[in-house]
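Chain residues, written in single-letter form:
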Amino acid sequence: MKHFKYFIVVALVAILAGCATSLPPSELVNARLAFQQANKGQAAVLVPAELHKAKLALDQAENSFLQEPESYRTKDLSYIADRLAKTSEAEAVIIAQDAITTKANKDYETTQAEILKDKTDLLADEQKARMEAETKAAKALADLAKLAAVKEEERGLVITLSGSVLFASNKSQLLPAAQDRLNSVADALLENNGRKITIEGHTDSQGSTAYNQTLSQKRADVVRSYLISRGYPENLIIAKGIGEDRPIANNDNAEGRANNRRVEIVIDRSNN
Amino acid sequence: MKRINLALLAGYVLLTVAIVGCGSSPVVVNKEASTSAIRAAEEVGAATNSNASLYLQLAKEELDKADVFAANGEKERAESMLTRAQTDAELAVVLSRGETEKAVALKALEKVKILRQDNTSSKGSE
């Protein structure tokens, strides 16, 4: 009777042990996780065929586990499924990185083209502005030529204004009519802004040399001040009194002396 | 007495058969796929790649294990181990290529960044 009881207990334990489900090997657990991860990531979109291969391998491992849970075959199939899932994920990374490279290369080309276009546009704008400025300056000089004698000399462009138009005899104050003419001169000079100019005052030989020197300096200073008041940069204008030293006509007659009484504005050739 | 001798002889014969039956002679397995996968992994520089080197190492170890199984006559197990070696080596190849692609992508992005920075700074200095 006692033996019979033992037999019953042993039989029950054996039945329970037989019914209990075996735990999956770590290889299969890893394979399931690896597949889940790959399936949730980019692999499903970028490399579906590779992922499908991993799925088939995992199914094979699962089937093997149902039939022979502890066998090396189940472990090896699970291991292989794990690696195939990881491989599909790594393949997806390659494709994603490749897409990044392609886009970056395209961005580079686009940016380069944009930069080139910007530079070309800028250059064209600058050229256009320069041409406009040159045209304007040329027109201003042409207008000026109607009001005063303009002559190209070695020292620069020389604008000669008659002294009698600008000043009363022996005076250094500008005549009201002179201001209109100087305004036109100032406009033309401002179109050629940025150039150094020299205002030279000249007299005839009447009176003492010292007096003429002083008068010519005063007149040059007055014209300089006026041009500055019209907006010409102060640091670019020099006033010089030449006196009677550089006549352009004979001082023996009235006409010659009138020509010698003058103010010359010399525009330097070089830009500052 | 004669019966006892016969029984002993029969026992020896059975034991010998059993011993011979349990031991196996070496088998030949095709290692080409796994060895060429390992070679490919080495060629793409998997040995020096932090991610891929582990899988290359595993593949080599599995190849050795497959040799042992083959020597013991366990053909099926050896072949299974060779497949493991092959998949490990192939993973090492893909991981190495991935690292290379990453480096190329980073370089391309850096190039664009530098171009844009240079352009911005040259605009600023104009």
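Presented here is a report on the structure given in the accompanying data block. Keep in mind the model is a prediction, meaning the values are calculated, not measured.

On to the overall build of chain B, then. Check the secondary structure of chain B and you find 4 helices and 0 strands. Taken from the N to the C terminus, the helices and strands of chain B come in the order α-α-α-α. Looking at chain B residue by residue over its 126 residues, the buried ones come to 29%. The contacts in chain B between residues at least 6 apart in sequence include a share of 72% that link residues at least 24 apart. Element-wise, carbon and sulfur atoms account for 59% of the exposed surface of chain B, whose accessible area totals about 8,200 Å².

This brings us to the pairing of strand β3 (residues 195-202) of chain A. Residue and element names in this part refer to chain A. By the criterion of burial, β3 is predominantly enclosed, with 6 of the 8 residues buried. Across 6 bridges, the pairing between β3 and strand β4 (residues 237-243) is parallel. Note on β4: the bridge partner recorded for I199 is A239. The β-α-β motif built from β3, the intervening helix α8 (residues 209-229) and the parallel element β4 has right-handed crossover chirality.

All right, on to the side chain of N212 of chain A then. Examined against the element boundaries, N212 of chain A turns out to sit in helix α8. The contact partners of N212 of chain A, leaving out residues within four places of it in the chain, are T203, D204, S205, Q206, G207, G243 and E244 of chain A.

Moving on, we get to the environment of V223 of chain A. All names here are of chain A. Along the chain, V223 turns up in helix α8. Expressed as a C-alpha distance, the spacing of V223 and G201, which sit 22 residues apart in the sequence, is 9.1 Å. Discounting chain neighbours no more than four positions away, the residues touching V223 are L166, F167, L182, I199 and V263.

Turning our attention to the interface of chain B and chain A. Each partner contributes residues to the interface: chain B has 29 residues there, and chain A has 26 residues. At the boundary of chain B with chain A, total buried surface from both sides reaches about 2,600 Å², with 67% on carbon and sulfur atoms. For the chain B face of the interface with chain A, the top three residues by lost area are R84, V94 and L115 of chain B, together amounting to 21%. The shortest N-O distance in the salt bridge between D88 of chain B and R83 of chain A comes to 2.4 Å. Counting across the interface, chain B meets chain A through 8 residue pairs in polar contact (both at pLDDT 80 or more). Sorting the residues of the side of chain B that touches chain A by element identifies α3 (53-71) and α4 (75-125) of chain B as the ones contributing at least two each. Top contributing element to the side of chain B that touches chain A by residue count: α4 of chain B, with 25 residues. Looking at the side of chain B that touches chain A residue by residue, the class counts come to 12 nonpolar, 5 polar and 12 charged.

Conventions and cut-offs
- Numbers given for residues are sequential positions, taken from 1 along each chain in its written order.
- For this description, chains carry letters from A and ligands carry numbers from 1, given in the order in which they are written.
- Where totals are concerned, whole chains, interfaces and linings use all residues; where local detail is concerned, this predicted model gives features only for residues with pLDDT of at least 70, and gives and counts side-chain atom pairs only at 80 or more.
- Calculation of side-chain values draws on the structure's entire complement of heavy atoms; hydrogens and water are dropped beforehand.
- A run of H or I in DSSP counts as a helix once it spans at least four residues, and a run of E counts as a strand once it spans at least two, with each numbered from the N terminus.
- Each residue gets one of three labels from its accessible area relative to the maximum for its type: buried under 20%, exposed over 50%, partly exposed in between, using a 1.4 Å probe on protein chains only.
- Whether two residues touch is decided by their heavy atoms; if any such pair falls within 4.5 Å, the residues are in contact.
- The accessible surface values rely on the Shrake-Rupley method and a 1.4 Å probe; as for residues, cover is taken only from the protein chains in view.
- The pairing criterion is simple: DSSP has to find at least two bridges between the two strands.
- Place the viewer so that the strands point away; then a crossover is right-handed whenever the path from the first strand over the helix to the second strand goes clockwise.
- Summed over both partners, the accessible surface that disappears when two parts come together, traced with a 1.4 Å probe, is what is meant by buried area.
- Every case where a carboxyl oxygen of Asp or Glu lies within 4 Å of a side-chain nitrogen of Lys or Arg is listed as a salt bridge.
- Nitrogen and oxygen atoms within 3.5 Å of one another constitute a polar contact, given that in protein one can donate a hydrogen and the other can accept it, and given that sequence-neighbouring residues count only through two side-chain atoms.
- Polar here means any residue outside two lists: the nonpolar Ala, Val, Leu, Ile, Met, Phe, Trp, Tyr, Cys and Pro, and the charged Asp, Glu, Lys and Arg; Gly therefore counts as polar.

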